[in-house]
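Each chain, written out:
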Amino acid sequence: MAIKDILLGAPVTATGGIVFAPVGTEFPTDVRETWDEEFVKGGYVSEDGVTRTIDASDDKIRAWGGDAVKIVRTEHSVSYTLTFLESRNADTLKLLFGEDNVTVDGDDITVDLKADMVPRRAFGLDMKDGEYKVREAIFDGQPTLSGDVAFVHSDVIKYEVTIEAFPNEEGVKARSMSGLAVASGGGSGE
């Protein structure tokens, strides 16, 4: 095993590790390609980072006598959880509460809290470890707020978010890529 195969998941920039855009926006094909101009930076994410969860349920089909003869997948989901720290980032608030529910008037921001689901979005995550970069692409994700929003003097206002990834036309819910952040010019990259 090579040390270069062990990577951290640190954000590329503290304020721009997660981006989002309308579903259908063109995604980069590798880790070096820049994001389409439609992608908006999501701002600071808590020190807990982002957690990807793959949840699958499989059932064993058993023959007479108890031997397992087949396994069938009955459920499968991919989701990401994170906590946004910027409670005055208008773009992030529009993502979480809906474009029509956030009003910006100069330095004033008003958020209407409604029961409606917000639109699905495409999401991207950029991470780095030295000269290597890791990128997660969520082609069609439904963001939902999950958890309490605490208003206390000893912590910032933050929003816990879960993004459920839905399959694209090829059945891909998310894509994970890694590689050198800058093209190596044909060297081994070690």
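Structure first, text after, so check above.
Note that the coordinates shown come from a computational prediction; the quantities given were computed from them, not determined experimentally.

Novice: Even after reading the chapter, I still don't get the overall build of the protein chain, so can you show me in this structure?
Specialist: Of the regular secondary structure elements, the protein chain holds one helix and eleven strands. Ordered by position in the sequence, the α and β elements of the protein chain form the string β-β-β-β-β-α-β-β-β-β-β-β. For the protein chain, the residues scored as buried account for 32% of the 190 residues in total. Across the protein chain, every contact between residues at least 6 apart in sequence was considered, and the portion connecting residues at least 24 apart equals 59%.

Novice: What's the story with the nonpolar core in this structure? I'm lost.
Specialist: What tends to happen in soluble globular proteins is that the nonpolar side chains get buried as a cluster. Ile18, Phe84, Leu96, Phe123 and Ile163 are the most contacted members of the largest nonpolar core, which has 20 residues in total. Listing elements by their share of this core, those giving two or more residues are strand S2 (18–22), strand S5 (68–84), helix H1 (90–97), strand S8 (121–129), strand S9 (132–145) and strand S10 (159–165). Each residue touching Phe84, except ones within four places of it in the same chain, is listed here: Ile18, Gly42, Tyr44, Val45, Thr92, Leu95, Leu96, Ile157, Lys158, Tyr159 and Val161. With eight residues, the next largest nonpolar core counts Ala21, Phe27, Trp35 and Phe39 among its residues.

Novice: Please clarify how the pattern of salt bridges should be interpreted in this entry.
Specialist: Side chains carrying opposite charge are able to pair once their charged atoms draw close together. Counted according to the given criterion, the structure contains nine salt bridges. Between Lys158 and Asp155 there is a salt bridge, with its nearest N and O atoms 2.8 Å apart. Residues joined in a network through salt bridges with shared partners are Asp126, Lys133 and Arg135.

Novice: Got a minute to help me understand the environment of Lys114 in this structure?
Specialist: As for its placement among the helices and strands, Lys114 is situated in the loop between strand S7 (108–111) and S8. On a C-alpha basis, the gap between Lys114 and Asn101 in space is 7.9 Å, while along the polypeptide they are 13 residues apart. Within the local environment of Lys114, its side chain forms a polar contact with the side chain of Asn101, the two groups lying 3.4 Å apart.

Novice: Quick question: what am I supposed to make of a nonpolar patch on the surface here?
Specialist: Taken together, Ile61, Val69 and Val72 make up a surface patch of nonpolar side chains, about 230 Å² in accessible area. Mapping Val69 onto the fold places it in strand S5. Since its relative accessible area comes to 54%, Val69 is described here as exposed.

Novice: Where do I start with the packing of aromatic side chains in this structure?
Specialist: Two measures describe an aromatic ring pair: the distance that separates the ring centres and the angle between the ring planes. By the definition in use, this model includes six aromatic pairs. The interplanar angle of 70° and the centroid separation of 4.9 Å between the aromatic rings of Phe27 and Phe139 together place this pair among those described as edge-to-face. Of the two residues, Phe27 is situated in the loop between S2 and strand S3 (40–41) and Phe139 in strand S9; the sequence distance between them amounts to 112 residues. We note Arg120 situated over the ring of Phe166; from NZ or CZ to the ring centre the distance is 3.8 Å. Above the face of the Trp35 ring, Arg135 is positioned so that its terminal group lies 4.4 Å from the ring centre.

Novice: Even after reading the chapter, I still don't get H1, so can you show me in this structure?
Specialist: In an α-helix there are 3.6 residues to a turn, and that puts residues three or four apart on one side. Among the residues making up H1, those that are buried are Thr92, Leu93, Leu95, Leu96 and Phe97. The opening residue of H1, the one whose side-chain oxygen lies 3.0 Å from the backbone nitrogen of Asp91, is Asn89. The first or second residue beyond H1 is Gly98, which carries a positive phi of 100°.

Novice: Could you clarify how one ought to interpret the side chain of Lys133 in this entry?
Specialist: Note that Lys133 resides in strand S9. With relative accessibility at 14%, the residue Lys133 sits in the buried group. At 3.1 Å, the side chain of Lys133 and the backbone oxygen of Val31 are in polar contact. Filtering out sequence-adjacent residues up to four positions away, Lys133 remains in contact with Val12, Val31, Asp126, Met127, Lys128, Met177, Ser178, Gly179 and Ala181.

Criteria and cut-off values
Residues numbered from 1 in each chain as written. Predicted model: local features only at pLDDT ≥ 70, side-chain atom pairs only at ≥ 80, totals over all residues. Heavy atoms only, no water. Helix = DSSP H or I, 4+ residues; strand = E, 2+ residues; numbered from the N terminus. Buried < 20%, exposed > 50% of the residue type's maximum accessible area, 1.4 Å probe, protein only. Contact = heavy atoms within 4.5 Å. Core = buried A, V, L, I, M, F, W, Y, C linked by side-chain atoms within 4.5 Å. Salt bridge = Lys/Arg side-chain N within 4 Å of Asp/Glu carboxyl O. Polar contact = N/O pair within 3.5 Å; in protein donor to acceptor, adjacent residues only side chain to side chain. Patch = residues over 30% accessible without salt bridge, like charges linked within 9 Å, V, L, I, M, F, W, Y side chains within 5 Å. Areas by Shrake-Rupley, 256 points an atom, 1.4 Å probe, with all protein chains shown as cover. Phe/Tyr/Trp six-rings, centres within 6.5 Å; stacked < 30°, edge-to-face > 60°. Lys NZ or Arg CZ within 6 Å of the ring centre and 35° of its normal.

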